[in-house]
Amino acid sequence: MHQPTRLVVLVSGSGTNLQALLDACADPAYGARVVAVGADREDIEGLARAERAGIPTFVRKVSDFETREGWDASLTTVVERFEPDLVVSAGFMKLLAPEFLDRFLTLNTHPALCPAFPGMHGPRDALEHGVKVTGATLFVVDAGVDTGPIVAQVPVEVADDDDVASLHERIKTAERAMLVDAVGRIARDGITVDGRRVRIGAGAR
Ligand code: GAR
């Protein structure tokens, strides 16, 4: 069996996607392990989840740096220290610098069906638009906002009586399952990114 794929997970909030990955990684057959969890703020449940699981954590706050470039460089350096095979941005609410993305294959999960409703308010924007189906997307992060090559998607129906919170909660349930499934398959079988086309498997590790 391969060495487990080393994951660094970046979070900004409650970290339920992180928790789903931590739970999956408890099974050696999953093929991955979380080697560090990073955040752009302190005192969040995402960091507490990592600490409870005995995973090293780091925090890089933009406000602690004189320039955004300084923050970008520091984030790259600290992530590099953990030698990840894959970085997963799971509810991390910061854009990552091109230098970071050149260095690490980075996936992000977004609570909408890309290319629809990019940005910070996927569930709200889908609800306001009146779509009947939305969902979640796992994609390879590129220089845009939620524009990268798509790895996996899952649909979620919008109910007539949904509000933003209820819709986002249902999306998150589907999103966690999608994330765990795709990251596990990538860890075990590899990933190839060819332009906008992403393939998992075919010995692409
Ligand atoms: C997730 O739904 C994720 O897709 C979303 O934040 C939530 C984080 O939940 N991310 C974005 O909206 C980024 N554009 P979690 O902290 O419980 O994993």
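Residues numbered from 1 in each chain as written. Predicted model: local features only at pLDDT ≥ 70, side-chain atom pairs only at ≥ 80, totals over all residues. Heavy atoms only, no water.

On to the UniProt feature "binding site: (6R)-10-formyltetrahydrofolate" (unreviewed entry) in the protein, then. UniProt annotation of "binding site: (6R)-10-formyltetrahydrofolate" (unreviewed entry) refers to Arg-68, Met-93, Lys-94, Leu-95, Leu-96 and Asn-108 when read in the numbering used here. Those annotated residues from the list above that line the largest pocket are Met-93, Lys-94, Leu-95, Leu-96 and Asn-108. Within the secondary structure, Arg-68 sits in helix H3 (residues 68-81). On the accessibility criterion, Arg-68 (33% relative accessible area) is partly exposed. Among all residues touching Arg-68, those that are not within four sequence positions of it are Val-62, Lys-94 and Leu-95. (UniProt positions renumbered as here; feature names shortened; annotations may be inferred. 1 Å grid on protein atoms, 1.4 Å probe; cavity = no way out; pocket = protein on both sides within 12 Å on 5 of 7 lines; lining within 4 Å. Helix = DSSP H or I, 4+ residues; strand = E, 2+ residues; numbered from the N terminus. Buried < 20%, exposed > 50% of the residue type's maximum accessible area, 1.4 Å probe, protein only. Contact = heavy atoms within 4.5 Å.)

Here seven strands make up an open sheet; going across it, the order is E3-E2-E1-E4-E5-E6-E7 and the pairing mixed. Of all strands in the sheet, those bounded by a partner on one side alone are strand E3 (57-59) and strand E7 (150-157). Within this sheet the neighbouring strands show an average axis-to-axis angle of 20°, counted without direction. Along the sheet, helix H6 (residues 164-189) makes contact with strand E1 (5-11), strand E2 (32-39), strand E4 (86-89), strand E5 (106-110), strand E6 (133-140) and E7, crossing E7 at roughly 150°. (Pairing = 2+ DSSP bridges. Axes fitted to C-alpha atoms, helices over the stretch in contact; angles between N-to-C directions.)

Among the secondary structure elements, Asp-146 is positioned in the loop between E6 and E7. Buried and unpaired, Asp-146 has no salt bridge, with Arg-196 as the nearest side chain of opposite charge at 11 Å. Of the polar contacts made by the side chain of Asp-146, one reaches the side chain of His-110; its length is 3.3 Å. Among the polar contacts listed, one links the side chain of Asp-146 to the backbone nitrogen of Gly-119, at a separation of 2.7 Å. Residues contacting Asp-146, with those up to four places away along its chain left out, are Asn-108, His-110, Cys-114, Pro-118, Gly-119 and Phe-139. (Lys, Arg positive; Asp, Glu negative; His and termini not counted. Salt bridge = Lys/Arg side-chain N within 4 Å of Asp/Glu carboxyl O. Polar contact = N/O pair within 3.5 Å; in protein donor to acceptor, adjacent residues only side chain to side chain.)

Since there are 3.6 residues in each turn of an α-helix, residues three or four apart along the chain are aligned in direction. Helix length check: H3, at 14 residues, gives a terminal C-alpha distance of 20 Å against a target of 20 Å (1.5 Å per residue), a fit within 8%. Buried residues of H3: Trp-71, Asp-72, Ser-74, Leu-75, Thr-76, Val-78 and Val-79, and no others. In the core, the buried residues of H3 are packed alongside E1, E3, E4 and helix H4 (98-103). Looking one or two residues beyond H3, the residue adopting positive phi is Glu-83, at roughly 45°. (Expected span 1.5 Å × (residues − 1).)

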